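The primary structure of each chain is shown beneath.
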Amino acid sequence: MKHLIGDKSFYKRLIAVALPIVVQQLITSSVQLVDNVMVGSLGELAIDSVSAVNQLYFIVILVTFGTLGGAGVFTAQYYGSKDYDKLKQTFRFKLIAALFIVTLSFFILTFFGRSLFSLFTDNAIILNQAEDYFRIVRWSMFPWAISVGISFTFRETGTTKPLLYISLATIITNTFLNYLLIFGNFGFPQLGINGAAIATLISRILEFGLLLILAIKKGHLFNTKITELFKIEGVVLKAIIIMAIPLMLNEVLWSTGQTIFIEAYSTRGANAYAAANITGAISQLVFVVFGGISTGIAVMVGNTLGENKLDQARDNSKKLIFAAMVTAFVMGLILFAASFFILDIYDVLDETKRYAEFNIRVNALIIPVLAFNVAMYFTLR
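Below is a summary of the structure that appears in this document. (Residues numbered from 1 in each chain as written. Predicted model: local features only at pLDDT ≥ 70, side-chain atom pairs only at ≥ 80, totals over all residues. Heavy atoms only, no water.)

Throughout the structure, instances matching the rule amount to 9 salt bridges. A salt bridge links R92 to E228; the shortest N-O distance between them is 3.5 Å. Highlighted residues: R92 in helix 3 (residues 84-117) and E228 in the loop between helix 7 (193-218) and helix 8 (234-266), separated in sequence by 136 residues. (Salt bridge = Lys/Arg side-chain N within 4 Å of Asp/Glu carboxyl O. Helix = DSSP H or I, 4+ residues; strand = E, 2+ residues; numbered from the N terminus.)

Set out below in structure tokens:
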């Protein structure tokens, strides 16, 4: 048992690396919950309309994460071995790959969006609202793509605190704009879910701007000129692609499975579909631990591998997996306790609340298992 518990310096480093990401994602999840509640105040149909779009966007996000994760494996190792030229090449790959994925997704969803949204519902009102919402929010995909390439690289090189501040600024902006534009407060037009789409677009542009400034000022180890964007050595590109393809396919399969799972809920009616989306929004408050796990492993295992300290990397991975499960167990207890009162913030039908309450409690019970899976996944990656 002792070999699973680290010393004071181990946890001090883990907290320094992982805590800003956990706090960042906690803030993000809290605001997503607020957004969910704001949209939910417009009724189950509004929740379902936004969720139909976000469920497909979820696939795009995870495919991007999986592809960039392949490059991120090498980013962490090149940073550990101080091979900064190749580190820059991994960053270039991330930008190219992320922009390619979102551009392809943009056109697919633009031309076939209604058909894809109809996988979740045959309600004409929901489909029309989903299309209106998507026409605005789709433009946020491009600044997001560059932002995720920058933020992933900062994480993998152990710089996490500035990302917290940028997320905080982005989230506050998004929440305030939601308040203004969804409900028409302070003289602004009352735009409903279209207001939420505009708020998302503006906040994504702000996030991109702030991350770009951070990369210029603090990312000298990896930032690159536009003219050198495609300057990637064949051997580096081949290694990244070999790593990225299975990770991308993994995310395609997993995200598609999750989408089919949500689609199954939609066949049980608007209440069940809304409950599934409410469950996801609330559960994310404790699932933030997964972001800390992935970042901690990237730095404390990935960087250590780059330094060729194999025994230390192996030892760190065991301690990180154990720490993840213990933390997740505590978070699961908090989520289970919250299920008794947190749904009161929603203005939805009692039947919807009843479904969501049951689902949240199931999530609370399985989060230690999920944490183990996530820790193993990122360790092996």
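Now for helix 9 (residues 270-287). Over its 18 residues, helix 9 runs 25 Å from end to end, which matches the ideal 26 Å to within 8%, given 1.5 Å per residue. Judged by how many residues are buried, helix 9 sits mostly within the fold: 15 of 18 residues are covered. (Expected span 1.5 Å × (residues − 1). Buried < 20%, exposed > 50% of the residue type's maximum accessible area, 1.4 Å probe, protein only.)

A few words on the packing of helix 5 (residues 141-156) against helix 7. Where helix 5 contacts helix 7, the two axes come as close as 9 Å, and the packing angle between them is 40°. Put simply, helix 5 runs oblique to helix 7. Every pair of crossing elements has a handedness; the one defined by helix 5 and helix 7 is left-handed. Contacts between helix 5 and helix 7 pair P143, W144, I146, S147, I150, S151 and F154 from the former with R204, I205, E207, F208, L211, L212, L214, A215 and K218 from the latter. Taken together, the residues of the contact of helix 5 with helix 7 sort by class into 11 nonpolar, 2 polar and 3 charged. (Axes fitted to C-alpha atoms, helices over the stretch in contact; angles between N-to-C directions. Parallel < 35°, antiparallel > 145°, perpendicular 65-115°, else oblique. Left-handed = near helix turned anticlockwise from the far one by under 90°. Contact = heavy atoms within 4.5 Å. Nonpolar A, V, L, I, M, F, W, Y, C, P; charged D, E, K, R; others polar.)

Attention shifts here to a nonpolar patch on the surface. Nonpolar side chains collect at one region of the surface, where F336, F340, F341, F358, V362, L365, I366 and V369 lie side by side and expose about 800 Å² of accessible area between them. With 5 residues, the top contributor of residues to the nonpolar patch is helix 12 (residues 350-380). Mapped onto the elements, F336 comes out in helix 11 (residues 310-338). A residue is classified by how much of its surface remains accessible, and F336, at 31% relative accessible area, is partly exposed. (Patch = residues over 30% accessible without salt bridge, like charges linked within 9 Å, V, L, I, M, F, W, Y side chains within 5 Å. Areas by Shrake-Rupley, 256 points an atom, 1.4 Å probe, with all protein chains shown as cover.)

For the rest of this paragraph, the subject is helix 12. Along an α-helix, a turn takes 3.6 residues, which lines up residues three or four apart on a common side. Over its 31 residues, helix 12 extends 43 Å from the first C-alpha to the last, a length consistent with the 45 Å expected when each residue adds 1.5 Å. Considering bend angle alone, the principal kink of helix 12 is centred on I366 and spans about 50°; proline P368 follows within four residues of it. Of all the residues in helix 12, the buried ones are T352, K353, A356, N359, I360, N363, A364, I367, P368, A371, V374 and A375. (Bend = angle between axes of the 7 residues up to and from the residue.)

Before going further, it helps to spend a moment on unusual backbone geometry. A positive phi angle, near 55°, is found at F186, a position not held by glycine. Among the structural elements, F186 can be located in the loop between helix 6 (161-183) and helix 7. Its identity as a non-glycine residue notwithstanding, N308 has a phi of 65°, on the positive side. Looking at the secondary structure, you find N308 in the loop between helix 10 (289-306) and helix 11. A residue is classified by how much of its surface remains accessible, and N308, at 60% relative accessible area, is exposed.

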